[in-house]
Amino acid sequence: MVVLDRQNTPMTVDFQTSLYFHPEGDGVLIGMSDREDPPGYGTDVNWDFLEKMFEQAARRAPALAGAGMKTAWAGLYEVTPDHQAILGPVPELEGFWCAAGFSGHGFMQAPAAARLLSQLLLDHQSEIDISPFAFARFAKGALVHERNVI
Ligand SMILES: Cc1cc2nc3c(=O)[nH]c(=O)nc-3n(C[C@H](O)[C@H](O)[C@H](O)COP(=O)(O)OP(=O)(O)OC[C@H]3O[C@@H](n4cnc5c(N)ncnc54)[C@H](O)[C@@H]3O)c2cc1C
């Protein structure tokens, strides 16, 4: 039997299938996006999909084959066409600033986004140019495609 060394298992992502896993509490958190799920606001767990996810988990990390399930939940991914956040003022709506559409990267990017947006708001200049992430990029067709999408 293959045993997963939880202590030394990093966050692991299989970009081909979007499967990921990492140690969590006294277990392992396993996740995967359902690329066939149409856009919507449903947050019910799809148990049939979890079977597919476990198949991929066992393929990528045989030590996970036969693992028991403690709990399961589904969440919403706020996705933009290029899988990048929308940052900064929206000229069409005076006084409206946007920090949304993080496309599954919001925890990681939130500290930097908040810092850069506050610089832009207070000093009219940010230490990194965030104009490529402006809402206007969609109308211009100037998308900034993120390819590492879970
Ligand atoms: C399963 C899963 C795993 C993830 N893993 C990671 C990860 O490992 N790393 C990472 O960086 N990111 C991850 N993310 C993405 C991350 O959770 C999001 O990018 C981040 O939470 C987005 O933050 P937000 O504040 O923009 O939006 P949200 O967190 O979605 O906040 C929006 C808030 O607005 C509220 N709201 C919506 N509509 C209205 C309304 N009309 N009026 C009032 N309130 C409203 C909602 O209830 C919600 O509280 C994951 C997401 C999911 C679902």
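Preceding this section is the structure that the text describes.
About the cut-offs
Residues numbered from 1 in each chain as written. Predicted model: local features only at pLDDT ≥ 70, side-chain atom pairs only at ≥ 80, totals over all residues. Heavy atoms only, no water. Salt bridge = Lys/Arg side-chain N within 4 Å of Asp/Glu carboxyl O. Helix = DSSP H or I, 4+ residues; strand = E, 2+ residues; numbered from the N terminus. Buried < 20%, exposed > 50% of the residue type's maximum accessible area, 1.4 Å probe, protein only. Expected span 1.5 Å × (residues − 1). Bend = angle between axes of the 7 residues up to and from the residue. Contact = heavy atoms within 4.5 Å.

Across all of its chains, the model carries five salt bridges by this definition. In this structure, the salt-bridge partner of Arg60 is Asp14, at a minimum N-O distance of 3.4 Å. Placement of Arg60 in helix α1 (residues 47–60) and of Asp14 in strand β1 (residues 12–14) is noted, with a sequence separation of 46 residues between them. For Arg60, a relative accessible area of 41% translates into the label partly exposed. Here Glu127 makes a salt bridge to Arg115, at a shortest N to O gap of 2.7 Å. Separated by twelve residues along the polypeptide, Glu127 in the loop between α2 (106–123) and α3 (137–140) and Arg115 in helix α2 bring together distant segments of the chain. One exposure class covers both Glu127 and Arg115, and it is exposed. One salt-bridge network, in which partners are shared between bridges, spans Asp14, Arg59 and Arg60.

With 18 residues, α2 should reach 26 Å at 1.5 Å per residue; the first-to-last C-alpha distance of 24 Å fits that figure. The sharpest bend along α2 measures roughly 25° and falls at Ala112. Every buried residue of α2 is listed here: Gly106, Ala113, Leu116, Leu117 and Gln119. Lining the buried residues of α2 we find β4 (86–89) and β5 (97–100). Phi for His124, located one or two positions after α2, is positive at around 65°.

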